[in-house]
Amino acid sequence: MLKETPFIWMDGKLVPWKEATVHVLTHSLHYGLAVFEGIRCYKGNSGTAVFRLAEHVERLFGSAHIVRMKIPFAQKEIEQAIVETVRVNRLEEGYIRPLAYIGYGEMGLYVKENPIRLSIAAWPWGTYLGEEGIRRGIRVAVSSFARHHVNISMTRAKVAGYYVNSQLAKREAKEAGYDEAVLLDTEGFVAEGPGENIFIVRKGVLKTTPLTSILEGITRDTIMQLAHERKIKVVQERFTRDDLYLADEAFFTGTAAEVTPIREVDGRTIGKGEPGPVTLELQKAFFDIVRGKEKAHPEWLTFV
């Protein structure tokens, strides 16, 4: 269950949590065209900070631009509103969800006059794939559902309706006894998880899926930058399911998943069946930065 906080920001003002409601005929509820972000704030040595706030808000506006939604606020206004929402809820650490959606008005696939509305909620939320998963790694299964083709949906946009695909893959994996799914693209190459980007390590080289059929993850970008700084070779290229099976290490990245090791895929042990040295080094670097233990990249933290 969600842990309620006192207020949600809606269309320029803070309203009590239980009053942050929409009409049942809100357009996006029926047709799935809404764009959103997942952002985290962390409690660190110097207080609470939102991680890579500007980049997340920029991606929100980019998603809206791709699907031809005009958000009626400036990016800086939304950045300030996010900080305000965290502050007024006295949230030391948690998850932030901005959502831009098509509001109540006309129905049908093509509407011109419905308002574009925007909400920002923030609440305490722990590790998405479990604390044990962060420490020991998780078990995943390759899904029977393929990731969206680039001519079926525009994969750079973080659109609510796209996540039906993710839910189906996640449910399939969980019901088969796994922690998470891995989706292939429509040509059979590894794409990403239902809500995560994926990395593998083979012979000291860190490899991740190129920006073809995947979302341009902000945590993905963070990890690649941290790897470069540590002289770890990073390659963006397509790889197959059996490349994943043969990896020495594998891990997911994402705002919700953070940096979660993968220890098993389809019943096959990855490496030694535990988080490997490259994964652990990058995982530690990531958490040290977001919690203010490491002074590198102060530009990534927006203090509340």
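Residues numbered from 1 in each chain as written. Predicted model: local features only at pLDDT ≥ 70, side-chain atom pairs only at ≥ 80, totals over all residues. Heavy atoms only, no water.

**Section: the overall build of the protein chain**
Thought 1: Of the regular secondary structure elements, the protein chain holds eight helices and 17 strands.
Thought 2: For the protein chain, the proportion of contacts with a sequence separation of at least 24, taken over those separated by at least 6, is 71%.
Thought 3: Side-chain charges in the protein chain split into 40 positive and 39 negative, and the spacing between the mean points of these groups amounts to 1 Å. (Helix = DSSP H or I, 4+ residues; strand = E, 2+ residues; numbered from the N terminus. Contact = heavy atoms within 4.5 Å. Lys, Arg positive; Asp, Glu negative; His and termini not counted. Charge placed at Lys NZ, Arg CZ, Asp CG, Glu CD.)

**Side note on the pattern of salt bridges**
Thought 1: Counted by the stated rule, this structure contains 18 salt bridges.
Thought 2: Residue Arg40 is joined to Glu258 by a salt bridge in which the shortest nitrogen-to-oxygen separation is 3.8 Å. Pair noted here: Arg40 is in strand S4 (residues 39–44) and Glu258 is in strand S15 (residues 258–265), with a separation of 218 residues, a long-range link.
Thought 3: On the basis of relative accessible area, Arg40 is assigned to the buried category, the value being 5%.
Thought 4: With relative accessibility at 3%, the residue Glu258 sits in the buried group.
Thought 5: Residue Arg139 pairs with Glu264 through a salt bridge whose shortest N-O separation is 3.1 Å. Separated by 125 residues along the polypeptide, Arg139 in strand S8 (residues 138–142) and Glu264 in strand S15 bring together distant segments of the chain.
Thought 6: A residue is classified by how much of its surface remains accessible, and Arg139, at 22% relative accessible area, is partly exposed. (Salt bridge = Lys/Arg side-chain N within 4 Å of Asp/Glu carboxyl O. Buried < 20%, exposed > 50% of the residue type's maximum accessible area, 1.4 Å probe, protein only.)

**Things to note about helix H8 (residues 277–290)**
Thought 1: Here H8 contains 14 residues, and its C-alpha end-to-end distance of 20 Å stays within 8% of the 20 Å for a straight helix at 1.5 Å per residue.
Thought 2: Most of H8 sits inside the fold, with 10 of its 14 residues counted as buried.
Thought 3: Burial in H8 covers these residues: Val278, Thr279, Leu282, Gln283, Ala285, Phe286, Phe287, Asp288, Ile289 and Val290.
Thought 4: Gly292, located one to two residues past H8, shows a positive phi value of around 75 degrees. (Expected span 1.5 Å × (residues − 1).)

**Focus: a nonpolar patch on the surface**
Thought 1: A cluster of nonpolar residues, Val24, Leu25, Leu29, Tyr31, Tyr104, Met107 and Leu109, forms a patch on the protein surface that exposes about 740 Å² of accessible area.
Thought 2: The residue Tyr104 is located in the loop between strand S6 (94–102) and strand S7 (116–123) in this model. (Patch = residues over 30% accessible without salt bridge, like charges linked within 9 Å, V, L, I, M, F, W, Y side chains within 5 Å. Areas by Shrake-Rupley, 256 points an atom, 1.4 Å probe, with all protein chains shown as cover.)

**Things to note about unusual backbone geometry**
Thought 1: Here Asp11, not a glycine, exhibits a phi torsion of approximately 55 degrees, which is positive.
Thought 2: Within the fold, Asp11 resides in the loop between strand S1 (7–10) and strand S2 (13–16).

By themselves, these figures tell us nothing about what the structure is for.
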